[in-house]
Amino acid sequence: MITTGEHLERILSLTPALGSETVPLEWARGRCLSEAVRARVPVPPWTNSAMDGYAVRAEDLAAASESAPVKLRLVGGVPAGSAEDPEMTSGEAVQIMTGAPLPTDADTVVPQELTDKGDEVVAVYKALPRGRHVRIVGEDRESGERIAEPGTGLTPEALAAIASAGVAEVTVSRRPRLAVISTGDELVPPGQNLSRGQIPDSNRMLISMLAEEAGATATSVRVGDRPEQLAGELGRIRGEAEVIVLTGGVSVGAFDPVKAVFGGDDFVKFDRVAMQPGKPQAFGRLDGDGPLLFGLPGNPVSAWVSFQMFVRPALRRMQGFLALMPEAVPGRASERWRTPKGRQQVIPVRIHDSEERSVQPAAAGGSGSHLVASLAAADGYALVDAEVEEILPGDTVQTVRLRDPEQFNQRPRSRP
Ligand code: AMP
Ligand code: MG
């Protein structure tokens, strides 16, 4: 048996990086940035007003008070979007709206509320320090400063920052093209009436959708247990995919087609990985330089766990993400469950976050690689070390919450 870490290391060592492409921001959500983005314009682009009010020179207001307001002559107005830069001198003011460029001759904005809102002459009731209510050009980023870092995912927040910096396109990794082949004579499409022995094929959809969430495009097909049929499908898709994921048929059963097709292969290796579920795993690069080929066990929970542990990190590596594995967060078990000695357990769990994170198996009775209906209740998974045999209420367990994009963040903790 090899450890999960050893298996992942071998996978990543054979995983190539994909090329990149330049796309408009609207297409870039979730994708991995290949090149740093630098501001093309300062943010904010102009020194502007933070309030609706009056642009003034602070020194004019030094003596202003409620009982002795300072009166300024209005010499113009600038709404947001206006290109005007009215000249003004001592004793004068310009009406200004939030976001409008501050006149060059002004240094401070008096909010409307501190005035009599006059329209020829305005009375100001309060002195203000110079620069008050003024947003300075380049205060957030100067032109040329970095806005987003390569190897990070483009969130709506990152894309808004990039757009604000005057950039309309980004260079991102190509999407990996992934093909799923589910294998098994017992499999039928979801919803079909089942003859004795048949089961609905859930892996085909599960793996395709998880792959899409991980940034890939996915196609999928189902085959039976005849090795020739699997070999035929592989021949058909191998030129169109960078990653092929097979589910089922990797163990030593008499009809295991993946084993039959790749049993003596020089490049696809069959391993027993010290993990529960998901022990039998096949992985290699077809012919040494072709698509990555994952042979995952067929039990849906095993296939799901295998995707989390091995396929997703490979898809992320291909796209150039720096963070390959989500950061695990400690939680506290709220019930007892058993875990096999000598194998790392990866168990679907329900997670409840309040003052502390409470964790319980998603399926009643703990683990079971066939308990696919209970997968619907999983908020994430727990990772239990190989030596542990039993989790008791109150024990600390490492957990990963599904679809928590923060867990892949590798942003610096301090501000740049
Ligand atoms: P295998 O890995 O082919 O030995 O399959 C292990 C178990 O997973 C068997 O109970 C299969 O019926 C089940 N299984 C295999 N493939 C799928 C699938 N695509 N969807 C749902 N269950 C599956
Ligand atoms: Mg099978």
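Each remark here, short or long, concerns the structure printed above.
Just so it is clear, the structure is predicted and the values come from calculations on it, not from any experiment.

A word on the overall build of the protein chain
Now for step 1: Summing up its helical and strand segments, the protein chain has six helices and 27 strands in all.
Now for step 2: Over its C-alpha trace the protein chain gives a radius of gyration of 30 Å, far above what one expects of a compact globule, namely 22 Å for 416 residues.
Now for step 3: Principal axes of the C-alpha set define a box for the protein chain whose edges measure 95 × 50 × 40 Å.
Now for step 4: Long-range contacts, defined here as pairs at least 24 residues apart, represent 72% of the contacts in the protein chain between residues at least 6 apart.
Now for step 5: Carbon and sulfur atoms make up 49% of the accessible area of the protein chain, which totals about 20,400 Å².
Now for step 6: Charged side chains in the protein chain number 44 positive and 55 negative. The centres of these two groups are separated by 6 Å.

Looking at the sheet that holds strand β17 (residues 268-272)
Hydrogen bonds between backbone atoms are what pair the strands of a sheet, whose relative direction is either parallel or antiparallel.
Now for step 1: The strand order β15-β12-β16-β20-β19-β17 describes an open sheet built from six strands, whose pairing is mixed. This sheet does not close on itself; its edge strands, each paired only once, are β15 (217-223) and β17. Neighbour to neighbour, the strand axes of the sheet diverge by 15 degrees on average, direction disregarded.
Now for step 2: Pairing geometry for β17 and strand β19 (residues 280-285), over five bridges, is antiparallel. Residue pairing for β19: Val268 is matched across the bridge by Gly284.
Now for step 3: With respect to the sheet, helix α3 (residues 203-213) is in contact with β12 (177-183), β15, β16 (243-247) and β20 (292-296), its orientation differing from that of β15 by roughly 165 degrees.

With respect to the site of ligand 1
Now for step 1: Close to ligand 1 lie 16 residues, the nearest being Glu186, Asp201, Gly249, Gly298 and Asn299.
Now for step 2: Between a nitrogen atom of ligand 1 and a main-chain N or O atom of Ser202, the distance comes to 3.1 Å.
Now for step 3: Burial of ligand 1 by the protein chains amounts to 77% of its free accessible area of 490 Å².
Now for step 4: Taken together, the residues of the shell around ligand 1 break down into five nonpolar, nine polar and two charged.

A closer look at unusual backbone geometry
Now for step 1: Between Val43 and Pro44 the backbone carries a cis peptide bond, its omega angle lying at -10 degrees.
Now for step 2: With respect to the helices and strands, Pro44 occurs in the loop between β2 (37-38) and β3 (48-49).
Now for step 3: Note that the residue after Gln276, namely Pro277, is joined by a cis bond; omega there is -5 degrees.
Now for step 4: One non-glycine residue, Lys117, lies in the positive phi region at around 60 degrees.
Now for step 5: Within the secondary structure layout, Lys117 lies in the loop between β7 (108-111) and β8 (121-124).
Now for step 6: Of note in this structure, Asp287 is not a glycine but carries a positive phi near 55 degrees.
Now for step 7: With respect to the element layout, Asp287 can be found in the loop between β19 and β20.

Quick look at the nonpolar core
Now for step 1: Grouped together as the largest cluster of nonpolar side chains are 37 residues, with contacts concentrated most on Leu178, Phe294 and Leu315.
Now for step 2: It is helix α6 (residues 300-319) that provides the largest number of residues to this core, a total of eleven residues.
Now for step 3: With sequence-adjacent residues up to four places away left out, Leu315 is seen in contact with Pro176, Leu178, Ala211, Ala214, Ala216, Val243 and Phe307.

Description of the pattern of salt bridges
Now for step 1: This structure, assessed with the given rule, holds 17 salt bridges.
Now for step 2: Between Arg238 and Asp287 there is a salt bridge whose closest N-O contact spans 2.9 Å. Highlighted residues: Arg238 in the loop between α4 (227-237) and β16 and Asp287 in the loop between β19 and β20, separated in sequence by 49 residues.
Now for step 3: Residue Arg238 is classed as partly exposed on the basis of its relative accessible area of 30%.
Now for step 4: For Asp287, a relative accessible area of 45% puts it in the partly exposed group.
Now for step 5: Linking Arg332 and Glu356 is a salt bridge whose minimum nitrogen-to-oxygen distance equals 3.0 Å. With Arg332 in strand β21 (residues 329-333) and Glu356 in the loop between β23 (344-353) and β24 (357-361), this pair connects stretches of sequence that are 24 residues apart.
Now for step 6: Members of the salt-bridge network, linked through shared partners, are Arg174, Arg177 and Glu242.

Quick word on a negative patch on the surface
Now for step 1: A surface patch of negative charge is lined by Glu84, Asp85, Glu87 and Asp105.
Now for step 2: With respect to the helices, strands and loops of the structure, Asp85 is situated in the loop between β5 (70-78) and β6 (92-96).

A word on the sheet that holds β8
Now for step 1: Strand order across the open sheet formed by five strands is β7-β4-β6-β5-β8, with mixed pairing between neighbours. Strands with a single pairing partner mark the edges of an open sheet, and in this sheet they are β7 and β8. Within the sheet, the average angular offset between the axes of one strand and its neighbour, ignoring direction, is 40 degrees.
Now for step 2: Where strand β4 (residues 53-56) meets β7, four bridges bridge the pair, whose relative direction is antiparallel. Note that in β7 the partner of Tyr54 across the bridge is Val110.

Details of the packing of aromatic side chains
Now for step 1: Evaluation of the coordinates by the stated rule reveals two aromatic pairs.
Now for step 2: Centre to centre, the rings of Phe283 and Phe294 are 4.8 Å apart; their planes meet at 55 degrees, and the pair counts as tilted. On the criterion of sequence distance, the pair formed by Phe283 in strand β19 and Phe294 in strand β20 is long-range, its members being eleven residues apart. The pair formed by Phe283 and Phe294 is uniform in burial state, with each residue classed as buried.

A closer look at α4
Now for step 1: Restricting attention to buried positions, one finds in α4 the residues Leu230, Glu233, Leu234 and Ile237. Mapping the buried residues of α4 onto a view down its axis gives an arc of 100 degrees, with all of them on the same face.
Now for step 2: Taken together, the buried residues of α4 touch β12, β15, β16, α5 (257-262) and β20.

Cut-offs applied
Residues numbered from 1 in each chain as written. Chains lettered and ligands numbered in written order. Predicted model: local features only at pLDDT ≥ 70, side-chain atom pairs only at ≥ 80, totals over all residues. Heavy atoms only, no water. Helix = DSSP H or I, 4+ residues; strand = E, 2+ residues; numbered from the N terminus. Rg over C-alpha atoms; globule rule 2.2 N^0.38 Å. Contact = heavy atoms within 4.5 Å. Areas by Shrake-Rupley, 256 points an atom, 1.4 Å probe, with all protein chains shown as cover. Lys, Arg positive; Asp, Glu negative; His and termini not counted. Charge placed at Lys NZ, Arg CZ, Asp CG, Glu CD. Pairing = 2+ DSSP bridges. Axes fitted to C-alpha atoms, helices over the stretch in contact; angles between N-to-C directions. Near = heavy atom within 4 Å. Polar contact = N/O pair within 3.5 Å; in protein donor to acceptor, adjacent residues only side chain to side chain. Nonpolar A, V, L, I, M, F, W, Y, C, P; charged D, E, K, R; others polar. Core = buried A, V, L, I, M, F, W, Y, C linked by side-chain atoms within 4.5 Å. Buried < 20%, exposed > 50% of the residue type's maximum accessible area, 1.4 Å probe, protein only. Salt bridge = Lys/Arg side-chain N within 4 Å of Asp/Glu carboxyl O. Patch = residues over 30% accessible without salt bridge, like charges linked within 9 Å, V, L, I, M, F, W, Y side chains within 5 Å. Phe/Tyr/Trp six-rings, centres within 6.5 Å; stacked < 30°, edge-to-face > 60°. Arc of directions from axis to C-beta.

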